[in-house]
Amino acid sequence: MAKSIMSKAERREERLGFLFISPWLIGLVIFAVFPIAASLIISFMKWDIYQSPSWVGLDNFKHLFHDKLFYKSLRVTLVYSAFAIPLGLIFGLALSLMLNLNIRGINTYRTLFYLPSVISGVAIAMVWKWIFNSDYGLLNYLLSLIGIHGPKWLEDPNWILTTYIIMSLWSIGGSAIIFLGGLQNIPGHLYEAAKIDGARLLQRFSRITLPLLTPTLFFQLLMGIIGSFQVFTSAFIMNGRGGSSSGGGPNNEGLFYMLYLYQKAFKTFDMGYASAMAWVGGIISFILAIVVYKSQGKWVFYDAEDNNGKGKTA
């Protein structure tokens, strides 16, 4: 009897659990599962929104791999990733080391450096568009004070990608906070023992700090790869309306993958082609993430107490 009563209580608790998480489940289905499934189906169709969709099979994917702008947008995104991600990791780590210092008012500094990460992307893009303006921008004005004639950042095809890479460093505060969490999880007795053994500052960093931060580096690297294929707002605001028919700036040197996808979907209304692009881009970023994930055994060090069988033990 007691067992039967207990089972009823468990079933009631289970129903209550599903009831409380039902808003999240409904949101997941409506805003994630359904759009993903719909985009996969649409990628095999020709659809311009105004007319009924027609099945074309793999034609969108075949056309994709013969599209020069597709390769251009992919190259721009990969080059951007190759520079922006390492620079973001380096500067984020350097900033976290400074924010980890025990000085007066350190919490205020942490807040100030983190704030850019939560400001609207559109507002940030507008500010940087003014900073990089070749005629009245702040950056070229500051360079002129020391006798340097600044380039046409957003108008010169040789500089536009560099502009976006520099701009990407604006949000390193978020990366620094994550690094800071990793730094504060490193046991202090390791540094004390190293000091007793005569280890210098650089030695303590290379032998203790950096190895024990590799799990955090690994996480940041994965997020950076995924995020690099989602660059859109800054490119759309700063060069999305001029410089080329596709909105990618001069010679399409600022044509990021997501910007080209957007142009295909909402400028030419080729929804099938845009959906195919979305899936191809997702697969490419997934492959890159898997490669990084598989490489962690060679360079990621886990603490012996938390080792889960993946990576090395520090």
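This structure is a prediction, so every number in the text was calculated from the model and none was measured. (Residues numbered from 1 in each chain as written. Predicted model: local features only at pLDDT ≥ 70, side-chain atom pairs only at ≥ 80, totals over all residues. Heavy atoms only, no water.)

Okay, the overall build of the protein next. Of regular secondary structure, the protein possesses 13 helices and four strands. The globule rule puts the C-alpha radius of gyration for 314 residues at 20 Å, and the 25 Å found for the protein is more than 25% above it. Each of the three principal axes of the protein carries a C-alpha extent, and together these read 85 × 70 × 35 Å. Within the protein, buried positions represent 37% of all 314 residues. Of all intrachain contacts in the protein linking residues separated by at least 6 positions in sequence, the fraction that spans at least 24 positions is 63%. Carbon and sulfur atoms provide 67% of the accessible area of the protein, an area that totals close to 19200 Å². Distance from the positive charge centre (25 side chains) to the negative charge centre (16 side chains) of the protein: 1 Å. (Helix = DSSP H or I, 4+ residues; strand = E, 2+ residues; numbered from the N terminus. Rg over C-alpha atoms; globule rule 2.2 N^0.38 Å. Buried < 20%, exposed > 50% of the residue type's maximum accessible area, 1.4 Å probe, protein only. Contact = heavy atoms within 4.5 Å. Areas by Shrake-Rupley, 256 points an atom, 1.4 Å probe, with all protein chains shown as cover. Lys, Arg positive; Asp, Glu negative; His and termini not counted. Charge placed at Lys NZ, Arg CZ, Asp CG, Glu CD.)

Side chains that are nonpolar tend, in soluble globular proteins, to be buried together. Phe-70, Tyr-80, Met-238, Phe-256 and Met-277 are the most contacted members of the largest nonpolar core, which totals 39 residues. For this core, the element with the most residues is helix 13 (residues 271–299), which contributes six residues. Those residues in contact with Tyr-80 that sit more than four places away from it in its chain are Ile-85, Leu-161, Tyr-164, Ile-165, Ser-168, Val-231 and Phe-256. With 18 residues, the next largest nonpolar core counts Leu-89, Leu-93, Phe-179 and Val-292 among its residues. (Core = buried A, V, L, I, M, F, W, Y, C linked by side-chain atoms within 4.5 Å.)

Turning our eyes to something else, we now look at the packing of aromatic side chains. Across all of its chains, the model carries 19 aromatic pairs by this definition. On the numbers, 5.6 Å between centres and 45° between planes, the contact of Phe-44 with Phe-61 is tilted. In this pair, Phe-44 sits in the loop between helix 1 (2–42) and strand 1 (45–46) while Phe-61 sits in helix 2 (residues 59–64), placing the two residues 17 residues apart along the sequence. With a relative accessible area of 21%, Phe-44 lands in the partly exposed category. When the centroid spacing of 5.1 Å and the interplanar angle of 75° are considered together, the rings of Trp-153 and Trp-159 count as edge-to-face. The class for Trp-159 is partly exposed, based on a relative accessible area of 33%. (Phe/Tyr/Trp six-rings, centres within 6.5 Å; stacked < 30°, edge-to-face > 60°.)

So, on to the packing of helix 3 (residues 68–99) against helix 4 (residues 106–114). Remark: helix 3 packs on helix 4, axes separated minimally by 10 Å, with the N-to-C direction vectors making an angle of 155°. The orientation of helix 3 relative to helix 4 falls into the category roughly antiparallel. Touching Leu-95, Met-98 and Leu-99 of helix 3 are Ile-106, Tyr-109, Arg-110 and Phe-113, all from helix 4. Grouping the amino acids of the contact of helix 3 with helix 4 by side-chain chemistry returns six nonpolar, no polar and one charged. (Axes fitted to C-alpha atoms, helices over the stretch in contact; angles between N-to-C directions. Parallel < 35°, antiparallel > 145°, perpendicular 65-115°, else oblique. Nonpolar A, V, L, I, M, F, W, Y, C, P; charged D, E, K, R; others polar.)

A contiguous patch of positive charge, built from Lys-8, Arg-11, Arg-12 and Arg-15, is present on the exposed surface. For Arg-11, a relative accessible area of 43% gives the class partly exposed. (Patch = residues over 30% accessible without salt bridge, like charges linked within 9 Å, V, L, I, M, F, W, Y side chains within 5 Å. Salt bridge = Lys/Arg side-chain N within 4 Å of Asp/Glu carboxyl O.)

Another aspect to go through is the pattern of salt bridges. The full count for this structure, using the stated rule, is two salt bridges. Between Glu-253 and Lys-72 there is a salt bridge, with its nearest N and O atoms 2.6 Å apart. In this pair, Glu-253 is assigned in the loop between helix 11 (233–239) and helix 12 (257–266) and Lys-72 in helix 3, connecting sequence segments 181 residues apart. In this structure, Glu-253 engages Arg-75 in a salt bridge whose closest nitrogen and oxygen atoms are separated by 3.0 Å. With Glu-253 in the loop between helix 11 and helix 12 and Arg-75 in helix 3, this pair connects stretches of sequence that are 178 residues apart. The network of salt bridges with common partners includes Lys-72, Arg-75 and Glu-253.

Taking 1.5 Å per residue, 13 residues should reach 18 Å; helix 8 (residues 172–184) reaches 18 Å between its end C-alpha atoms and fits that length. Looking only at helix 8, the buried set comprises Ile-172, Gly-173, Gly-174, Ser-175, Ala-176, Phe-179, Leu-180, Gly-182 and Leu-183. (Expected span 1.5 Å × (residues − 1).)

Attention now goes to the environment of Gly-227. Along the chain, the position of Gly-227 falls in helix 10 (residues 201–228). Using a relative accessible area of 28% as the deciding quantity, one classes Gly-227 as partly exposed. Distance in space between the C-alpha atoms of Gly-227 and Ile-85 is 9.4 Å, their sequence separation being 142 residues.

What follows covers the confidence of the model for the protein. Mean pLDDT over the protein: 87, with 92% of residues reaching 70 or higher. This model gives residues 241–245 a pLDDT under 50, and the stretch forms eight contacts once residues within four places in sequence are excluded. Across residues 304–309 the pLDDT falls below 50, and counting only partners more than four positions away or on other chains, this stretch makes three contacts in the model. (pLDDT = per-residue confidence, 0-100.)

Before going further, it helps to spend a moment on the side chain of Thr-214. Along the chain, Thr-214 turns up in helix 10. Overall, the relative accessible area of 6% leaves Thr-214 in the buried class. At 2.8 Å, the side chain of Thr-214 forms a polar contact with the backbone nitrogen of Phe-301. Residues contacting Thr-214, with those up to four places away along its chain left out, are Trp-299, Val-300 and Phe-301. (Polar contact = N/O pair within 3.5 Å; in protein donor to acceptor, adjacent residues only side chain to side chain.)

Looking now at the environment of Met-45. Mapping Met-45 onto the fold places it in strand 1. Taking the C-alpha atoms as reference points, Met-45 and Ala-94, separated by 49 residues in sequence, lie 49 Å from one another.

A separate point is the side chain of Thr-209. With respect to the element layout, Thr-209 can be found in helix 10. A distance of 2.6 Å separates a polar atom in the side chain of Thr-209 from a polar atom in the side chain of Tyr-191. The residues touching Thr-209, leaving out its near neighbours within four places in the chain, are Leu-97, Leu-183, Ile-186, Tyr-191 and Arg-204.

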